[in-house]
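# Architecture and fold: a report
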Amino acid sequence: MHGPKEPSPPNPSPDSESLVKRLAGPSTTKAGLAKDQSEINRVIAEASKGSKFYENEKRKDRDLTDRIEKILKYRDEVLRGVDIRSVEQGVDQLLVKLEAQRDLSQAIVHVDMDAFYASVELLDNPALQGKAFAVGKGVLTTASYEARKFGVRSGMAAFIAKKLCPDLILVENRFHRYSEMSKRIMDIFRRYDPDMCAAGCDEGYLNITAYCADHRLTPAECVQQMRDSVREETKLTVSAGIAPNKMLAKICSDKNKPNGQYELEFEPRAIKAFMHDLSIRKVPGVGRVNERLLDSIGIKTCGDIYTHRGILALMDKQFGLHFLLQAFLGIASNVVQPGQREERKSIGAERTFTPLADTNRILQKLEEIAAELESDMEHGGWTGKTVTLKFKLDTYQVFTRAKSFDRWVSTKKEDLFAIGKELLIPELPLTIRLIGLRVTKLKDLRAELDSKVNGIKRFFQSAEPSSPRKRRRIDTEDVGDLPDEIEDMQLSQDGFMEVMPGFHEDNEADEDDMHASAPADDDDDPIAVKKQHLDRQATPAPNKPAFTRPRPPMSAPAPSLASTSTSPFMKPTSHKQRSARTAQGPSRHSSSAEPEARPSRFPTLAHPGAPEATAIDADAEEHTCPICGRSMCTDNQGLNAHIDFCLSKSAIREAQAAASIDIGQKLMPSARPSGSAPGFGKPKPEKKVRARKR
DNA sequence: GCGGATCAC
DNA sequence: TATGGTGATCCGC
């Protein structure tokens, strides 16, 4: 289009080093990088140039640069007139205390499938063997090792990947397949630790201490055997790391990837030596931003943490001293537990689309999201008290708007849509490329159901078989015998979760339900889609006997490594939000300007179509079944029998249908009950460590 | 409690 | 020809 030799200005504002690196994506440093990363980065920056995405990255890069500048200024201030030596001595004492908490008694393994999605695709299509190919459509979820040589990475836009590797073959995701394989693999892992913790669909943590003792194996032998089993049974390869805690094991699993394993010596000296030269970026929890932040004060490796311990202590707020000291020492949690359903904190759905400015079209997207969320919530058996709307402008700036309620939010799509609409409308007009809804302050309806049913059964069982009570009014006094949840039921009102919407999902029965997608991918991958039904594993069926693996007796103290969370660093002291109006930013409506601008009431929520309340109809002569909501004239025995019947899958389905709950034909993946988060140093109520001598 | 940010997968 | 989705956590306000 232009003439040959476009004499463009010699240097049209060259991208800063940090920006070029940022554009290269988050998974550059963590994975095996290609030989000439800077050339690759140049190509990426070139291909991105001028796009809105690029401009947004540039903005974020600028913001971070400003933030660092402020931090450095603050550092200089804080250093004035401080005896850094004495500060360092204080830190040294803290290090001694931390060191005393080191626990080397457990053999922890991190297993990580090699290029999982790509390997599965290869398995099903051998023609891809040896080819540079990638999985994904608009954005890649993973790339074959051949493709990685070109700099193709997960998370990368497909068109960029094509520029780096013109012959790249693109394969679409088949999440159903990945879930299937994931399940098989996890089952193999569970033979070695029934309490293993899945972290996404392609990796997990195990405590093999007991298994090794019981089978007289060294950890390395055990892991080799496990990896052999996976390979034999699935034709897929897995890498593994063996170490005394989860953080170290995770770092180690990357050491001999692909198809390799690495064991770290269980000795403080060896561990500290291992950490000393390790890039700080390898520490889980240190991402691109914190890497740059730390770099600004001279910290690139974990060994540098000690060198700069003085300033880190003085700026604990900014950097998170405790977290970094633990990284320096190589100390972290060694507790491996399967994900608990109760741990779930939120459930949501979001979707990207071609930017829309038309209100009606935007609302249509919102409605679709509401429908997805309804499905997920009902399948999962969740409700909550806070709804958060998320939207991303065509400038890639992201905003959230939330609203909390006193009551449990209805999971009906009409209601979710109405709430979302109320949050969104005041912000318009805007041009939006993503919209999402999330519900927090969750309540686990499934657990509530269990407790309710059991409570009711206990209640009636404890009563005289045919006592005069049976016809008595069951009022609040009597309710005192019942779990609190039952009272909740009665208190619920229109528009909000009554009780038991349609949920209680059927297990193995419907294959279609398994279409869920899979998450995390290999090595360095930032890409993940909705998780699969790990519910099954995480929430054992009520009657399923607890697996009794020979657990070592508890004796060792919990390794108190609790400490901080995964996000140890802080933001700039006062990073003021860019002014609302500028750049098409949405307004912070009514916060202070017009306090009573809108009624806080929620008119649209009351939906007449709501399923009849399942509250216990205490006043009636007859009983109302807490499961299906039907009334019936019967005695306690009869009610009991009915409840049992009602609990059967088919009966529950029937109850749902009767309650006119439209439980999706929609094949929405049911959400995973969290619990896969490794959490290296969470102060979570981790159970005691299983102590066992190695 | 809300909104922005960071991170993992 | 157009850079993802789910969930968690922290911080300042």
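Thresholds, definitions, all that
- In this numbering scheme, every chain counts its residues from 1 along its sequence in written order.
- Note on labels: chains are lettered from A, ligands numbered from 1, in written order.
- Reporting in this predicted model follows two pLDDT cut-offs: at least 70 for local features of residues, and 80 or more for side-chain atom pairs to be given and counted; totals over whole chains, interfaces and linings ignore these cut-offs and use all residues.
- No hydrogens and no water enter the side-chain calculation; it runs on all heavy atoms of the structure.
- UniProt positions are given in the numbering used here, feature names are shortened, and annotations may be inferred rather than shown by experiment.
- Two strands make a pair as long as DSSP finds a minimum of two bridges between them.
- A helix here means a DSSP run of H or I that spans at least four residues, while a strand means a run of E at least two residues long, and both kinds are numbered starting from the N terminus.
- Angles here are taken between N-to-C directions and fall from 0 to 180 degrees, while the axes themselves are lines fitted to C-alpha atoms, restricted in helices to the stretch in contact.
- Whether a residue is buried, partly exposed or exposed follows from its accessible area with a 1.4 Å probe, protein chains only, as a fraction of its type maximum: under 20%, in between, or over 50%, in that order.
- Handedness of a crossover is defined as follows: with both strands directed away from the viewer, a clockwise route from the first strand across the helix to the second makes it right-handed.
- Stacked, edge-to-face and tilted labels apply to pairs of Phe, Tyr and Trp rings (six-membered ring for Trp) whose centres lie within 6.5 Å, assigned for plane angles under 30 degrees, over 60, and everything in between, in that order.
- By convention a nonpolar core is built from buried Ala, Val, Leu, Ile, Met, Phe, Trp, Tyr and Cys residues, the set being connected through side-chain atoms within 4.5 Å.
- Arc, as used here, means the arc of the directions from the helix axis to the C-beta atoms.
- Any pair of residues with heavy atoms lying within 4.5 Å of one another is described as a contacting pair.
- Whenever Lys or Arg places a side-chain nitrogen within 4 Å of a carboxyl oxygen from Asp or Glu, that contact is recorded as a salt bridge.
- Should an angle lie under 35 degrees it is considered roughly parallel, over 145 roughly antiparallel, and from 65 to 115 roughly perpendicular; all remaining angles are considered oblique.
- Each crossing is labelled by how the near helix is turned from the far one, with a counterclockwise turn of less than a right angle marking it left-handed and a clockwise turn marking it right-handed.
- Just so you know the grouping, Ala, Val, Leu, Ile, Met, Phe, Trp, Tyr, Cys and Pro go in nonpolar, Asp, Glu, Lys and Arg go in charged, and all remaining residues, Gly too, go in polar.
- pLDDT is a residue-level measure of predictor confidence that goes from 0 to 100.

- By the naming in an unreviewed UniProt entry, chain A is DNA polymerase kappa, taken from Wolfiporia cocos.
- If you open the UniProt record of chain A and go to Sequence similarities (unreviewed entry), you find "Belongs to the DNA polymerase type-Y family."
- Its UniProt record, at the heading Catalytic activity (unreviewed entry), says of chain A: "DNA(n) + a 2'-deoxyribonucleoside 5'-triphosphate = DNA(n+1) + diphosphate".

### Looking at the sheet that holds strand 11 (residues 386-393)
- Read across the open sheet, the four strands follow the order 9-13-11-12; overall the sheet is antiparallel. What marks the edges here is a single partner per strand, and that holds for strand 9 (346-356) and strand 12 (398-404). Strand after strand, the sheet turns through a mean of 15° between neighbouring axes, direction not considered.
- In this structure, strand 11 lies alongside strand 12, joined through seven bridges in antiparallel fashion.

### Re the pairing of strand 7 (residues 238-243)
- Strand 7 sits mainly inside the fold: six of its six residues count as buried.
- Alternating residues of strand 7 divide into Val-238, Ala-240 and Ile-242 and Ser-239, Gly-241 and Ala-243, and every residue in both groups is buried.
- Inspection of the sheet shows strand 7 paired to strand 8 (residues 261-263) by three bridges, in the parallel sense. Its bridge partner being in strand 8, Ile-242 is matched across the sheet by Glu-263.
- Viewed along the sheet, the connection from strand 7 through helix 11 (residues 246-253) into strand 8 turns out left-handed.

### Comments concerning the packing of aromatic side chains
- What the rule picks out here adds up to ten aromatic pairs.
- Ring plane angle 75° and centroid distance 6.0 Å describe the contact between Tyr-117 and Phe-175, whose orientation is recorded as edge-to-face. Of this pair, Tyr-117 sits in helix 5 (residues 116-124) while Phe-175 sits in helix 8 (residues 175-192), placing them 58 residues apart in sequence. Phe-175 matches Tyr-117 in its accessibility class, with the two residues each being buried.
- Seen from their ring centres, Phe-175 and Tyr-178 are 5.9 Å apart, and the 85° between their planes marks the pair as edge-to-face. Of this pair, Phe-175 and Tyr-178 are both found in helix 8, three residues apart, which corresponds to roughly one turn of the helix. Each member of the pair, Phe-175 together with Tyr-178, is buried.
- These aromatic residues form a ring-pair network of at least three members: Phe-116, Tyr-117, Phe-175 and Tyr-178.

### Some thoughts on the nonpolar core
- Within the largest apolar cluster, 45 residues are counted, with the highest numbers of intra-cluster contacts made by Leu-248, Met-275, Ile-280, Ile-305, Leu-312, Phe-319 and Leu-324.
- At the level of secondary structure, the elements contributing two or more residues to this core comprise helix 3 (52-79), helix 4 (84-100), helix 11, helix 12 (268-276), helix 13 (288-296), helix 14 (302-307), helix 15 (309-314) and helix 17 (321-329).
- Counting residues per element, this core draws most heavily on helix 17, at seven residues.
- Counting 37 residues, the second-largest nonpolar core is a separate cluster that includes Val-171, Phe-175, Val-223 and Val-230.

### Focus on helix 13
- Buried within helix 13 are the following residues: Asn-290, Glu-291, Leu-293 and Leu-294. Looking straight down helix 13, one finds that the buried residues subtend no more than 165° of arc, so they occupy a single side.
- Lining the buried residues of helix 13 we find helix 1 (17-23), helix 3, helix 16 (316-319) and helix 17.
- Taken from the residues just after helix 13, Gly-298 is the one with a positive phi, measuring 90°.

### Quick notes on the sheet that holds strand 4 (residues 169-171)
- Reading across from one edge, 3-2-4 is the order of the three strands in this open sheet, with mixed pairing throughout. At either margin of the open sheet sits one strand with a lone partner, and together these are strand 3 (140-143) and strand 4. Each strand axis lies, on average, 30° off the axis of its neighbour in the sheet, ignoring direction.
- Bridging between strand 2 (residues 133-136) and strand 3 involves three bridges; their strand directions are antiparallel. Counted as the bridge partner of Val-135 is Thr-142 from strand 3.

### Points about the pattern of salt bridges
- This model, assessed by the stated rule, comprises 34 salt bridges.
- One salt bridge connects Asp-76 with Arg-75, and the closest N-O pair in it is separated by 3.4 Å.
- Assessed through its relative accessible area of 41%, Asp-76 is described here as partly exposed.
- The residue Arg-401 makes a salt bridge to Glu-427 at a minimum N-O spacing of 2.7 Å. Here Arg-401, found in strand 12, pairs with Glu-427, found in the loop between helix 19 (413-424) and strand 13 (432-440); they are 26 residues apart in sequence, far enough to count as distant.

### A few points about the packing of helix 18 (residues 359-380) against helix 19
- At a closest axis distance of 8 Å, the pairing of helix 18 and helix 19 adopts a crossing angle of 135°. In this view, helix 18 runs oblique relative to helix 19, as classed from their interaxial angle. Along this stretch, helix 18 crosses helix 19, giving a crossing that reads as right-handed. For the pair helix 18 and helix 19, contact is made by Ile-362, Leu-363, Leu-366, Glu-367, Ala-370, Ala-371, Leu-373, Glu-374 and Met-377 and by Lys-413, Leu-416, Phe-417, Gly-420, Lys-421 and Leu-424, respectively.
- Taken together, the residues of the contact of helix 18 with helix 19 break down into ten nonpolar, one polar and four charged.

### Quick notes on the confidence of the model for chain A
- On average, residues of chain A score 72 in pLDDT, and 62% of them are at 70 or above.
- Counting contacts from residues 1-10, a segment whose pLDDT is below 50, to residues more than four positions away or on other chains yields zero contacts.
- This stretch, residues 531-583, has a pLDDT under 50; its non-local contacts, to residues over four places away or in other chains, come to 121 contacts.

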